[in-house]
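The primary structure of each chain is shown beneath.
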Number of protein chains: 2
Amino acid sequence: MFVSEKLGQYTADFHTAAVSDNVIHHAKRALVDWYGALLAGYPMAPTPMVEKSLALELDQGRARLPLGRAASTRAAALINGTASHTAEVDDIYREAIYHPGAPTFSAAMAVGQALNVNGMAFLKASIAGYETSTRIGRTMGRTHYKHWHNTGTVGTFGAATAAAYLLGLNAVQTANAIALSATFAAGLQQAFKLDSLAKPLHSGRAAEAGVTAALMAQQGVISSLDVFEGEVGLGRAMSNGPDWTHALDDLHAQFNITSMTFKNHACCGHTFAPIDGALTLQQQHGIAAENIDRIIIATYSPAIAVAGNTNPTTAPEARFSIPFVVATALIHGSVRLAAFDSERLTAPAIRALMSRIELQVDPAADSKFPGQRSAQVTIITRDGKEHLMLQPTRKGDPDMPLTDVELNDKFIELAVPVLGGERSAALSEALWRMEGAGDLSAMC
Amino acid sequence: MFVSEKLGQYTADFHTAAVSDNVIHHAKRALVDWYGALLAGYPMAPTPMVEKSLALELDQGRARLPLGRAASTRAAALINGTASHTAEVDDIYREAIYHPGAPTFSAAMAVGQALNVNGMAFLKASIAGYETSTRIGRTMGRTHYKHWHNTGTVGTFGAATAAAYLLGLNAVQTANAIALSATFAAGLQQAFKLDSLAKPLHSGRAAEAGVTAALMAQQGVISSLDVFEGEVGLGRAMSNGPDWTHALDDLHAQFNITSMTFKNHACCGHTFAPIDGALTLQQQHGIAAENIDRIIIATYSPAIAVAGNTNPTTAPEARFSIPFVVATALIHGSVRLAAFDSERLTAPAIRALMSRIELQVDPAADSKFPGQRSAQVTIITRDGKEHLMLQPTRKGDPDMPLTDVELNDKFIELAVPVLGGERSAALSEALWRMEGAGDLSAMC
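These figures come from a predicted structure and were not determined experimentally.

Focus on the overall build of chain A
Okay, step 1: Check the secondary structure of chain A and you find 20 helices and six strands.
Okay, step 2: Taking 22 Å as the expected radius of gyration for a compact globule of 444 residues, we find that chain A reaches 21 Å, a close match to that expectation.
Okay, step 3: Dimensions along the principal axes, computed over C-alpha positions, put chain A at roughly 70 × 50 × 40 Å.
Okay, step 4: Evaluated residue by residue, chain A yields a buried proportion of 66% over its 444 residues.
Okay, step 5: Looking at chain A alone, contacts between residues at least 24 apart form 77% of all its contacts between residues at least 6 apart.
Okay, step 6: On chain A, roughly 13700 Å² of surface is accessible, and the fraction owed to carbon and sulfur atoms is 52%.
Okay, step 7: Looking at chain A, you have 34 positive and 41 negative side-chain charges, and the mean spots of the two groups are 3 Å apart.

Printed below as a string of structure tokens:
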């Protein structure tokens with residue numbers, strides 16, 4: 001069987017598979033985290049512009065945007081997928097360098113609302129989407145990430161799987177939906193550069209691509225089922241021709257949705273080990289920001305390639321600047337949404353501290369990437385003392401997880417500016433009870 | 001200036017640029033050819049399935065599908081882009097291994113109808129789309145075509161340019177539309193394999209991607225303007241890092257739309273030199289199909305990689321089978337739409353002749369690809385005679401062009417089964433007068 005066929009079979013079988021309470025609980029953690037990201041990103045550029053550009057596809061259909069506006073299924077997937085990847089607070093599957101929630105839940109919600117499914121079906125579809133896409137992403141490997149944005153590429157599989165599940169496609173139709181979405185997969189690393197607003201659109205287009213592929217497969221469109229492992233397929237076109245033989249071996253044994261990283265800071269995940277290390281050193285040694293002479297941050301090379309910007313001038317750029325977010329953390333104590341307000345972007349105190357931060361590639365950290373995200377942080381104070389620590393993982397990684405309370409607090413912090421306190425609290429309760437919901441009416 | 005900025009400037013300036021009657025005439029030749037392809041492909045799988053899958057986006061908006069059904073702008077671009085690349089009769093820009101018409105005209109028509117533009121604006125937008133995208137495709141080169149389908153990838157630029165022109169975007173907005181569409185570009189060669197229906201969808205998604213990017217850029221979405229030449233941009237991710245320095249040098253001096261290949265057979269363009277060579281030999285020497293012992297076809301290697309299928313079982317596969325189409329030509333005299341009817345696919349006479357056809361790579365032909373598409377055809381008859389000819393180019397290539405009358409005859413042949421004789425003739429007249437049309441009402 002080809003990879004697409006195995007994934008199609010797994011997804012079709014998942015309708016009748018038992019799912020443990022533990023897996024459902026983890027799926028709800030991911031859902032709560034995603035919904036916070038969705039609400040936080042919804043008012044931010046580029047989402048309002050995207051919504052205007054799709055006006056012809058709105059105010060109709062049964063899918064809904066975050067504040068309740070109606071949308072066609074595909075437009076809702078595109079807008080929600082974009083919004084939930086904008087604020088840089090969405091979840092990560094570390095081994096695949098991939099944010100599964102944004103494309104997967106966005107597709108599941110758009111199709112789920114269009115079909116009026118219940119909460120359990122929505123959760124199971126999303127779990128299936130996480131499982132298929134994380135394994136494809138893991139197999140595509142680090143070579144893929146050099147040129148490609150996994151949330152745009154691999155995200156199509158999360159979206160296609162979730163959509164196919166909710167549409168009730170059989171194993172062969174689902175395999176075709178997944179194979180078709182493979183040839184829609186896109187998203188260049190170069191789109192992260194300059195002051196581009198394109199990055200979150202990768203997630204949006206992935207959600208839309210997966211939904212589109214599933215809708216087409218439902219009508220009988222077939223695709224090349226050997227698209228992953230073929231001579232001119234995804235593996236060779238977009239990576240170094242990885243070995244697919246054992247790519248899906250743990251598909252039935254392990255649920256990757258139980259091993260997500262939930263972000264504790266509102267910026268690129270590659271900056272977290274430096275932030276966590278710097279904050280820990282500051283707390284342990286009582287270092288005031290103004291007493292810092294120099295900071296040396298040594299971490300894995302993709303972190304520097306993606307988040308090594310030493311002079312960010314816009315909020316999107318600042319979210320990808322280790323110097324900016326580390327300086328912000330040391331001066332303000334945290335890196336949340338307020339960190340990227342316009343007055344903060346030009347604050348002289350932050351800029352002064354940034355100029356004293358040096359970035360290096362640490363070969364030891366590099367060799368552990370992507371399975372472990374570590375950084376060595378050295379702070380040298382004005383009195384000549386040198387404080388060093390190895391931050392072995394990130395707060396929020398599965399080996400140092402956020403608690404349910406911490407996750408819910410994060411949701412509330414992100415939701416309140418958009419929905420207000422009362423609606424945010426009610427929505428939080430509804431999300432944590434999603435497996436018993438008769439429909440998705442709470443989610444809009 | 002980055003490539004995207006140069007293209008943006010060119011496109012914005014094109015509003016006030018003079019265009020010669022000769023270029024307009026060539027644009028109408030391309031339009032007539034595209035419309036025939038659109039009508040021929042509209043009833044064929046996968047387009048009717050695609051239309052059903054997008055039902056939520058139809059029967060509204062001002063864009064139109066071929067038989068007049070209303071559609072949102074993006075849905076029309078997707079459906080028309082798919083339909084016009086389905087029957088394998090659409091135009092080719094040889095140097096870029098690329099079919100510009102399907103993504104470019106489909107995007108121009110969808111946006112043009114939505115905005116109610118006149119015929120001259122429609123033609124100029126399409127010319128601009130041909131010009132920008134052919135140059136990007138030529139630069140991406142043969143390495144790109146190994147894994148990628150240029151009509152899916154490069155086609156996004158034709159669509160984005162045409163849409164940006166019609167939306168009246170300025171140079172910077174147009175640059176952003178083009179740059180944004182670059183990170184939406186997709187379409188794997190592997191999707192041509194097995195019995196996949198995905199290939200024409202690449203053109204559809206390209207048309208949709210370009211329109212989407214232009215609509216977003218109009219609302220202010222900006223992208224990475226260095227997306228072509230950047231370290232992790234399109235050139236490196238999807239080819240061997242081509243040199244962009246002189247990619248656009250002839251942008252103002254030359255109109256590539258005057259150098260299109262128009263297909264004379266209803267199948268993959270890589271099969272044409274073998275068909276033309278075999279037919280010429282047959283005519284010159286009066287060879288009856290039943291007297292053929294063996295045929296040896298030596299041609300450039302991508303032709304064999306893409307169209308070397310020796311045992312096609314479906315119409316899409318048969319269009320990419322040199323043995324099938326050459327055997328069909330020798331037995332039936334031509335390779336038109338009827339060649340792929342189900343009884344022809346399994347006809348014993350065709351299968352018997354196919355089994356006596358041998359394919360080889362010819363290093364001389366290979367070295368001339370993609371600028372020249374040649375084949376050496378040898379027919380050995382049962383009486384032991386060996387007839388050999390070099391087919392140096394294809395009938396329909398710019399150096400051996402179809403006349404306007406031949407092009408119009410092809411249009412009529414493709415249109416009549418869908419529209420009937422009277423409407424086809426009226427449409428043909430309207431298309432040849434497009435530069436004077438006050439609106440696009442003739443086109444639906």
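Anyway, onward from the coordinates.
Some details on the sheet that holds strand S5 (residues 375-381) of chain A
Residues and elements named next belong to chain A.
Okay, step 1: Strands sit in the order S4-S3-S5-S6 across an open sheet of four strands; the sheet is mixed. Every other strand in the sheet has two partners, leaving strand S4 (357-361) and strand S6 (386-391) as the edge strands with one partner each. Adjacent strand axes in the sheet meet at a mean angle of 15°, parallel and antiparallel pairs treated alike.
Okay, step 2: Pairing between strand S3 (residues 292-299) and S4: five bridges, direction parallel. Looking at the pairing, Ile 297 lines up with Leu 359 of S4.

Concerning the interface of chain B and chain A
Okay, step 1: On the chain A side, the residues contacting the 59 residues of chain B number 59 residues.
Okay, step 2: Between chain B and chain A, a total of about 4900 Å² is buried, with carbon and sulfur atoms accounting for 63% of that surface.
Okay, step 3: Of all residues in chain B, B:Gln190, B:Arg205 and B:Val232 bury the most surface against chain A, accounting for 15% of the area lost on that side.
Okay, step 4: Counting across the chain B and chain A interface gives six salt bridges.
Okay, step 5: In this structure, A:Glu208 engages B:Arg74 in a salt bridge whose closest nitrogen and oxygen atoms are separated by 2.8 Å.
Okay, step 6: Seen at the junction of chain B and chain A, the total is 27 residue pairs in polar contact (both at pLDDT 80 or more).
Okay, step 7: In terms of residue count, helix H10 (residues 199-218) of chain B provides more of the side of chain B that touches chain A than any other element does, eight residues in total.

Description of helix H5 (residues 101-115) of chain B
Okay, step 1: Here H5(B) spans 20 Å end to end across 15 residues, near enough to the 21 Å set by a 1.5 Å rise per residue.
Okay, step 2: Once H5(B) ends, the next one or two residues include B:Asn116, with phi positive near 55°.

Comments concerning the side chain of A:His265
All names here are of chain A.
Okay, step 1: Its location among the elements puts His 265 in the loop between helix H11 (234-237) and helix H12 (272-285).
Okay, step 2: Since its relative accessible area comes to 6%, His 265 is described here as buried.
Okay, step 3: Polar contacts involving the side chain of His 265 include one to the side chain of Asp 276, which spans 2.7 Å.

Notes on the nonpolar core
Okay, step 1: Counting 208 residues, the largest nonpolar core has A:Tyr35, A:Phe122, A:Phe228, B:Tyr35, B:Phe122 and B:Phe228 as the members making the most contacts within it.
Okay, step 2: Leave out the neighbours within four places in its chain, and B:Phe122 touches B:Leu31, B:Phe105, B:Ala108, B:Met109, B:Val117, B:Leu166, B:Met434, B:Leu440 and B:Met443.

So, the packing of aromatic side chains
Residues and elements named next belong to chain B.
Okay, step 1: Throughout the structure, instances matching the rule amount to 25 aromatic pairs over all chains.
Okay, step 2: Measuring from ring centre to ring centre gives 6.1 Å for Phe 192 and Phe 320, while their planes differ by 40°; the resulting arrangement is tilted. Pair noted here: Phe 192 is in the loop between helix H9 (171-182) and H10 and Phe 320 is in the loop between helix H14 (315-318) and helix H15 (322-332), with a separation of 128 residues, a long-range link.
Okay, step 3: We classify Phe 192 as buried; its relative accessible area is 16%.
Okay, step 4: The class for Phe 320 is buried, based on a relative accessible area of 11%.

Structural notes on the relation of the copies chain B and chain A
Okay, step 1: Mapping chain B onto chain A is achieved by rotating through 180° and translating by 0.0 Å along the same axis, at an RMSD of 0.0 Å. In the structure described here, the two chain copies are related by an operation that fits a two-fold rotation axis. Ranked by how close their C-alpha atoms come to the rotation axis, the residues of chain B are headed by B:Ala186, at 2.8 Å.
Okay, step 2: Both copies share a contact surface, since 100% of the interface residues of chain B are interface residues in chain A too.

So, H12(A)
Residues and elements named next belong to chain A.
Okay, step 1: Across its 14 residues, H12 extends 20 Å between first and last C-alpha, which sits within 8% of the 20 Å expected from 1.5 Å per residue.
Okay, step 2: Most of H12 sits inside the fold, with ten of its 14 residues counted as buried.
Okay, step 3: Considered for burial, the residues of H12 that qualify are Phe 272, Ala 273, Pro 274, Ile 275, Asp 276, Gly 277, Ala 278, Leu 279, Leu 281 and Gln 282.
Okay, step 4: Summarising the contacts, the buried residues of H12 are in contact with S3, helix H15 (322-332), S5 and S6.
Okay, step 5: Within two residues after H12, Gly 286 carries a phi angle of roughly 55°, on the positive side.

Re the domain arrangement of chain A
Residue and element names in this part refer to chain A.
Okay, step 1: Considered domain by domain, chain A is made up of domain 1 (3-263 + 403-436) and domain 2 (269-391).
Okay, step 2: Taken together, the 22 residues of domain 1 in the interface contact 20 residues of domain 2.
Okay, step 3: A combined buried area of about 1700 Å² lies between domain 1 and domain 2, and 61% of that area is made up of carbon and sulfur atoms.
Okay, step 4: Looking at the side of domain 1 facing domain 2, the largest losses of area belong to Arg 94, Arg 142 and Glu 413, adding up to 32% of the total buried there.

Let's talk about unusual backbone geometry
Okay, step 1: Residues A:Ala45 and A:Pro46 are joined by a peptide bond in cis, for which omega reads 10°.
Okay, step 2: Cis geometry is adopted by the peptide bond preceding A:Pro370, which originates at A:Phe369 and carries an omega value of 5°.
Okay, step 3: Positionally, A:Pro370 belongs in the loop between helix H18 (363-368) and S5.
Okay, step 4: Phi at B:Glu88 takes a positive value of approximately 60°, unusual for a residue other than glycine.
Okay, step 5: Considering the arrangement of structural elements, one finds B:Glu88 in the loop between helix H4 (73-83) and H5.
Okay, step 6: Overall, the relative accessible area of 4% leaves B:Glu88 in the buried class.

Topic: the environment of B:Ala83
All names here are of chain B.
Okay, step 1: Relative to the helices and strands, Ala 83 resides in helix H4.
Okay, step 2: Along the chain, Ala 83 and Leu 38 lie 45 residues apart, while their C-alpha atoms are 5.3 Å from each other.
Okay, step 3: With residues up to four places along the chain from it excluded, the contact list for Ala 83 reads Ala 37, Leu 38, Gly 41, Tyr 42 and Thr 47.

Some details on the pattern of salt bridges
Residues and elements named next belong to chain A.
Okay, step 1: Counted according to the given criterion, the structure contains 50 salt bridges over all chains.
Okay, step 2: In this structure, Arg 69 engages Asp 59 in a salt bridge whose closest nitrogen and oxygen atoms are separated by 2.8 Å. Of this pair, Arg 69 sits in the loop between strand S1 (58-64) and strand S2 (70-71) while Asp 59 sits in strand S1; the two residues are ten residues apart in sequence, bridging distant segments of the chain.
Okay, step 3: For Asp 59, a relative accessible area of 52% gives the class exposed.
Okay, step 4: Close ionic contact of Glu 88 with Lys 263 constitutes a salt bridge, the shortest N to O distance being 3.4 Å. Residue Glu 88 is found in the loop between helix H4 (73-83) and helix H5 (101-115), and its partner Lys 263 is found in the loop between H11 and H12; the two are separated by 175 residues along the sequence. The exposure classification of Glu 88 matches that of Lys 263, with both residues buried.

So, the packing of helix H2 (residues 21-41) of chain A against helix H20 (residues 421-432) of chain A
Residues and elements named next belong to chain A.
Okay, step 1: Axis separation between H2 and H20 bottoms out at 9 Å; the angle between their running directions is 150°. Considered as vectors, H2 and H20 are oriented roughly antiparallel to each other. Remark: the crossing between H2 and H20 carries right-handed chirality. In this structure, H2 uses His 25, Lys 28, Arg 29, Leu 31, Val 32, Tyr 35 and Leu 39 to contact H20, whose residues at the interface are Leu 427, Leu 431 and Trp 432.
Okay, step 2: Broken down by class, the residue content of the contact of H2 with H20 amounts to seven nonpolar, one polar and two charged.

Observations regarding the sheet that holds strand S6 (residues 386-391) of chain B
In any sheet, the strands associate via hydrogen bonds between backbone groups, in a parallel or an antiparallel arrangement.
Residue and element names in this part refer to chain B.
Okay, step 1: Spatially, four strands are ordered S4-S3-S5-S6 in an open sheet, and the strand pairing comes out mixed. Of all strands in the sheet, those bounded by a partner on one side alone are strand S4 (357-361) and S6. Between one strand axis and the next, the sheet turns through 15° on average, direction left out of account.
Okay, step 2: On top of the sheet, helix H12 (residues 272-285) reaches strand S3 (292-299), strand S5 (375-381) and S6; it is set at about 135° to S6, its chief contact.
Okay, step 3: Helix-sheet contacts for H15 involve S3 and S4, and the interaxial angle to S4 is about 130°.

Calculation notes
- Residues numbered from 1 in each chain as written.
- Chains lettered and ligands numbered in written order.
- Predicted model: local features only at pLDDT ≥ 70, side-chain atom pairs only at ≥ 80, totals over all residues.
- Heavy atoms only, no water.
- Helix = DSSP H or I, 4+ residues; strand = E, 2+ residues; numbered from the N terminus.
- Rg over C-alpha atoms; globule rule 2.2 N^0.38 Å.
- Buried < 20%, exposed > 50% of the residue type's maximum accessible area, 1.4 Å probe, protein only.
- Contact = heavy atoms within 4.5 Å.
- Areas by Shrake-Rupley, 256 points an atom, 1.4 Å probe, with all protein chains shown as cover.
- Lys, Arg positive; Asp, Glu negative; His and termini not counted.
- Charge placed at Lys NZ, Arg CZ, Asp CG, Glu CD.
- Pairing = 2+ DSSP bridges.
- Axes fitted to C-alpha atoms, helices over the stretch in contact; angles between N-to-C directions.
- Buried area = accessible area lost by both parts, 1.4 Å probe.
- Salt bridge = Lys/Arg side-chain N within 4 Å of Asp/Glu carboxyl O.
- Polar contact = N/O pair within 3.5 Å; in protein donor to acceptor, adjacent residues only side chain to side chain.
- Expected span 1.5 Å × (residues − 1).
- Core = buried A, V, L, I, M, F, W, Y, C linked by side-chain atoms within 4.5 Å.
- Phe/Tyr/Trp six-rings, centres within 6.5 Å; stacked < 30°, edge-to-face > 60°.
- Least-squares fit on C-alpha atoms with pLDDT ≥ 70 in both.
- Domains from an automatic or database assignment.
- Parallel < 35°, antiparallel > 145°, perpendicular 65-115°, else oblique.
- Left-handed = near helix turned anticlockwise from the far one by under 90°.
- Nonpolar A, V, L, I, M, F, W, Y, C, P; charged D, E, K, R; others polar.

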